[in-house]
Amino acid sequence: MITLMKHTAGRTLRPVRMDIAMLALVAFTAGAALVGCGTNKIAPEGTLSATKEVLSATQETSSNLVAEGQRIFRFDTFGDEQFWTDTLRLNEVVEKNVDPTTALAVGLKVDADVLPPGILKKVDLKSPATTVALLKMNAIVGLQATVDSNNHITRLGITCALCHSTVDDSVMPGIGVRKDGWPNRQLNVGAIIALSPALPADKKAVYESWGPGKYDPRFNLDGKNTPLVIPPAYGLAQVKNETYTAEGPISYWNAYVAVTQMHGRGNFSDPRLGIDIKQSPDMVGPKLGALRAYQHSLPAPPPPAASFDAAVAERGRALFGQACSSCHVGATGTDNDSGKLHAAVETGVDGAYAARTANKAYRTTPLRALWQHPPYFHDGSTATLADVVTHYNSVRKLGLTAQQQRDLVEYLKSL
């Protein structure tokens, strides 16, 4: 166990206990899918200096560094209020139109740890004023707001936790204890963005088409629309490249998302994508090391007790070794650590998103906590693990019987 510091409504720090294991990533990294074999192609890291990943293991696991990374992950907007407030004017929409019931319906989560005892029984969950009060006490996961003395939202921004945290629903659905690193598959990012009065109708239609748990991290750059499922942000400390298409390591993608998607104030450059953004002051780069340390501390959650048949899973383990382990290699479960990428045609998945990226191909996804985050594949096109196995049994011509497929599914549920 390690003692971290946690923000409360008053923005003071109090200790909280949590297990620290060297695992994870952040925004829009890989989801979960079995991937076929491919050819060697080492993905360059881009030109961002922060992608060098120079922290030593000792530095990375420092309790102070991890605690600072937790604060950044949960509460730091990187100055993105300039976009969400000044450009999209979502502060106006939230203050006037978003009551807690509506907020929960679009997948926003409430941190029960900062709520006064019994408060939910005393407030009107159909009133936008209650949402403002929740923001004032810093209770809505992934949103940061400045509220003046007249209870007007003057500034509104988002954090990493908006997409990559959820809650345990211990109070009610959508309200409970934070679970950092878990993808918020109920979050309808597109519907939230589409609330903006500053967007034209054609863009609103695109955002509204995504649905819960999906987001397109390139739409604002190339105007194309192939949304991805929001992936977990845990269990990837030893994985070389984050993202479905392996453009770079964790700090590369953290910077990409913070600067180009969250619209924080910072620097990001990748000539492969034609992106070169420089802003001063840089409110992103100096925080990447601590953010990475916290993300790497997030363990993949174990499967719930009795959620799979251990004897059947053991048979599935042997089948996995025969049919899947040539690509899902070793402890990390991905051959991308050795530089391999896979053309969409090899795996039978849609290649439209890969065509928009630097590498034009997909990496083998590390398999962790598969029980926790359906749907599967980068685009969420496969609903269950049984569907995943059926897909690859056909595409890869594995020749598995129906019983063997069930055995393999049971093993995947145990990861």
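Peer 1: Outline the overall build of the protein, listing residues and values.
Peer 2: Check the secondary structure of the protein and you find 16 helices and 14 strands. Relative to its full complement of 415 residues, the protein shows a buried share of 55%. By sequence separation, contacts in the protein at least 24 residues apart represent 71% of the contacts at least 6 residues apart. Accessible surface for the protein amounts to roughly 16,500 Å². Of this, 56% is attributable to carbon and sulfur atoms.

Peer 1: How would you explain the side chain of aspartate 111 if you had to name every residue and give the values?
Peer 2: Note on placement: aspartate 111 falls in strand β4 (residues 110-111). Within the local environment of aspartate 111, its side chain forms a polar contact with the side chain of arginine 178, the two groups lying 2.9 Å apart.

Peer 1: I'd like a rundown of the packing of helix α2 (residues 63-75) against helix α12 (residues 288-296), residues and numbers included.
Peer 2: Viewed as axis vectors pointing N to C, α2 and α12 meet at an angle of 95°, and their least axial separation amounts to 7 Å. It follows that α2 is roughly perpendicular to α12 by the angle criterion. Residues Leu65, Val66, Glu68, Gly69, Gln70, Ile72, Phe73 and Arg74 of α2 lie in contact with α12, whose contacting residues are Gly289, Ala290, Leu291, Ala293, Tyr294 and Gln295. Within the contact of α2 with α12, the residues separate by chemical class into eight nonpolar, four polar and two charged.

Peer 1: Describe the nonpolar core, and please don't skip the residues or the numbers.
Peer 2: Side chains that are nonpolar tend, in soluble globular proteins, to be buried together. Ranked by internal contacts, the top residues of the largest apolar core, which has 91 residues, are Phe78, Leu108, Ile193 and Leu412. Ranked by residues supplied to this core, first place goes to helix α11 (residues 250-261) with seven residues.

Peer 1: Describe the environment of lysine 179, and please don't skip the residues or the numbers.
Peer 2: Tracing the backbone through its elements, the reader meets lysine 179 in strand β9 (residues 178-180). In the structure, lysine 179 is positioned 13 residues away from threonine 166 in sequence and 5.2 Å away in space, judged by C-alpha atoms. Setting aside anything within four residues of it in sequence, one finds lysine 179 in contact with His164, Ser165, Thr166, Val167 and Asp168.

Procedures and definitions
Residues numbered from 1 in each chain as written. Predicted model: local features only at pLDDT ≥ 70, side-chain atom pairs only at ≥ 80, totals over all residues. Heavy atoms only, no water. Helix = DSSP H or I, 4+ residues; strand = E, 2+ residues; numbered from the N terminus. Buried < 20%, exposed > 50% of the residue type's maximum accessible area, 1.4 Å probe, protein only. Contact = heavy atoms within 4.5 Å. Areas by Shrake-Rupley, 256 points an atom, 1.4 Å probe, with all protein chains shown as cover. Polar contact = N/O pair within 3.5 Å; in protein donor to acceptor, adjacent residues only side chain to side chain. Axes fitted to C-alpha atoms, helices over the stretch in contact; angles between N-to-C directions. Parallel < 35°, antiparallel > 145°, perpendicular 65-115°, else oblique. Nonpolar A, V, L, I, M, F, W, Y, C, P; charged D, E, K, R; others polar. Core = buried A, V, L, I, M, F, W, Y, C linked by side-chain atoms within 4.5 Å.

Distances and angles like these do not, on their own, reveal function.
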